[in-house]
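# Structural overview for review
So you can see what is in the structure, the chains are spelled out below.
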Amino acid sequence: MTSTPRWRQVAAATGLLSDDGTIAQTIFAEMTVLANRTGAVNLGQGFPDVDGPDYVKEAAKAAIDAGRNQYAPGDGVPELRHAIADHQRRRYGLDVDPDTEVLATTGATEALTAAILALTGPGDEVITLEPYYDSHAAAIAMAGATHVPVPLTADLRLDADALRAAATDRTAMILVNTPHNPTGTVLTRAELEQVAAVARERDTLVLTDEVYEHLVFDDAVHVPIATLPGMAERTLTVSSSGKTFSLTGWKVGWMHGPADLITAVRTLKQFMTYTSGSAFQPAIALALADEETPRALAASLAERRDLLCAGLERAGFDVVVPQGTYFVVADGAAHMERLGLEDGHELCLRLPELVGVVGVPVSAFCRPGSTAAQTMRSRVRFTFVKQPEVLRDGIERLAALTR
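Residues numbered from 1 in each chain as written. Predicted model: local features only at pLDDT ≥ 70, side-chain atom pairs only at ≥ 80, totals over all residues. Heavy atoms only, no water.

### Details of empty space enclosed by the protein
Inspection of the entire model under this criterion finds 3 cavities of 30 Å³ or more. One number sums up the size of the largest cavity: a volume of about 60 Å³. Along the walls of the largest cavity sit 13 residues, with Ala104, Thr105, Thr275, Ser276 and Gln281 positioned nearest its centre. Tallying contributions element by element places strand β2 (residues 102-106) first for the lining of the largest cavity, with 3 residues. In terms of residue class, the lining of the largest cavity is made up of 3 nonpolar, 7 polar and 3 charged. (1 Å grid on protein atoms, 1.4 Å probe; cavity = no way out; pocket = protein on both sides within 12 Å on 5 of 7 lines; lining within 4 Å. Points joined across faces, edges and corners; volume = space filled by probe spheres on them. Helix = DSSP H or I, 4+ residues; strand = E, 2+ residues; numbered from the N terminus. Nonpolar A, V, L, I, M, F, W, Y, C, P; charged D, E, K, R; others polar.)

The following block contains the structure:
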């Protein structure tokens, strides 16, 4: 008897394997098809509809013209690695060696996947928060490790007791995502100290996904878990330029951490993409010295968040105002009851035809049948990383739900 192919394990882990054995589309592809077919405003998929700063794009063009079009070094061009180390020192007080403790990657997704593949395997357990970004579950399945999701509370906060109960002697890694996709939660220092305590007690690694680190609002503060006592030596920190500078297609990401862990990840990563973005990397190195662009983007996103949240509330949704990211979680239970729908997925399938707006069910970021999936069954994720006129159009359409 042959073993189950790894691609089927990944499909099952990400909810794409149907009961009849066929492979379904991702929720993002499914909702984008609906948006295109119906002409709906797509507030489901979180990508900006404007480009990043002109000076960064001009720097990439200059790098192309200067001949930087062949393979970059496998660990990233020196100016990018130094810029990453400078950024971490300047913002967070982290002392990072750019030559041995930094690795450039093809986006944050590759960094996360390479780390999980390099440092976990069959018999290991990897804890994530739930809901979780889908690539986290996919990478754990690729590694053959066991995914142990820990559900957030109903108000989208860390459940420290559930985390402690989930950790065992087989826990090889805790994957922390803050600011958190899909909920917009920014874990507080106190919450992160709870995670750190479990990691130290279980002597486990922490992999932290911080791609929205600059996009926090109001009085929320992003705290890298590597800054907490005893954590730098057991933490791999991942981020990227895509969200911070609205250049998601460039796929310039990075990771930093202890030299031995970076060496382990590099050993595996070199057989994945090896390297990419030779002309983009020096442009992002320039951008990382820019404090104003991320600050201005965060301020603009906060205004657009408020615009969308107010519109969703007027349209009859119960909203949890996010502290960061591109996303807001809205509870559509009242509309489901009125329309006779079972869950948020059914609501998202109906919204394009009913009012011409696309969202994404939060249950798609949960393991089918889990406690979190049940808690999130009526909730929908909408994005506000769109131009204000697009958001206003979506809000006006959503208002039809209450007429």
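So that's the structure; there's more coming.
### Some details on the layout of surface pockets
The volume enclosed by the largest pocket comes to roughly 710 Å³. In this structure, the largest pocket is lined by 28 residues; those nearest its centre are Thr14, Gly15, His345, Ser363 and Ala364. Broken down by secondary-structure element, the contributors of at least two residues to the lining of the largest pocket are α2 (27-38) and α14 (371-375). For the lining of the largest pocket, the element with the highest residue contribution is α2, accounting for 3 residues. For the lining of the largest pocket, the class distribution of residues is 13 nonpolar, 9 polar and 6 charged. Size it by volume and the second largest pocket reaches roughly 610 Å³. For the second largest pocket, the lining is made up of 28 residues, of which Thr109, Tyr133, Tyr212, Lys243 and Lys251 are closest to its centre. Only α5 (107-119) and α6 (134-143) provide two or more residues apiece to the lining of the second largest pocket. Element by element, the count of residues in the lining of the second largest pocket is highest for α5, at 4 residues. When the residues that make up the lining of the second largest pocket are grouped by side-chain class, the tally is 11 nonpolar, 12 polar and 5 charged.

### Focus on the environment of Arg403
Structurally, Arg403 is set in the segment after α15 (388-398). For the pair Arg403 and Ala315, spaced 88 residues apart in the sequence, the C-alpha separation amounts to 9.2 Å.

### With respect to the sheet that holds strand β13 (residues 379-383)
Sheet strands line up and pair through hydrogen bonds in the backbone, either parallel or antiparallel. Ordered in space as β9-β10-β13-β12, the 4 strands form an open sheet in which the pairing is antiparallel. On the outer flanks of this sheet lie β9 (318-320) and β12 (360-361), each paired with one strand and no other. Alignment of strand β10 (residues 327-331) against β13, held across 5 bridges, turns out to be antiparallel. From the neighbouring strand, Ala330 faces β13, where its bridge partner is Val380. (Pairing = 2+ DSSP bridges.)

### Considerations on the nonpolar core
Within the largest apolar cluster, 66 residues are counted, with the highest numbers of intra-cluster contacts made by Leu207, Leu236, Met255, Leu312, Phe317 and Phe382. Two domains each provide a minimum of three residues to this core, namely domain 1 (6-51 + 293-399) and domain 2 (54-290). Those residues in contact with Leu207 that sit more than four places away from it in its chain are Leu112, Ala115, Ile116, Met173, Ile174, Leu175, Val176, Leu236, Val238 and Met255. Listed in part, the 24 residues of the second largest apolar core include Ala60, Leu247, Ala283 and Ala287. (Core = buried A, V, L, I, M, F, W, Y, C linked by side-chain atoms within 4.5 Å. Buried < 20%, exposed > 50% of the residue type's maximum accessible area, 1.4 Å probe, protein only. Domains from an automatic or database assignment. Contact = heavy atoms within 4.5 Å.)

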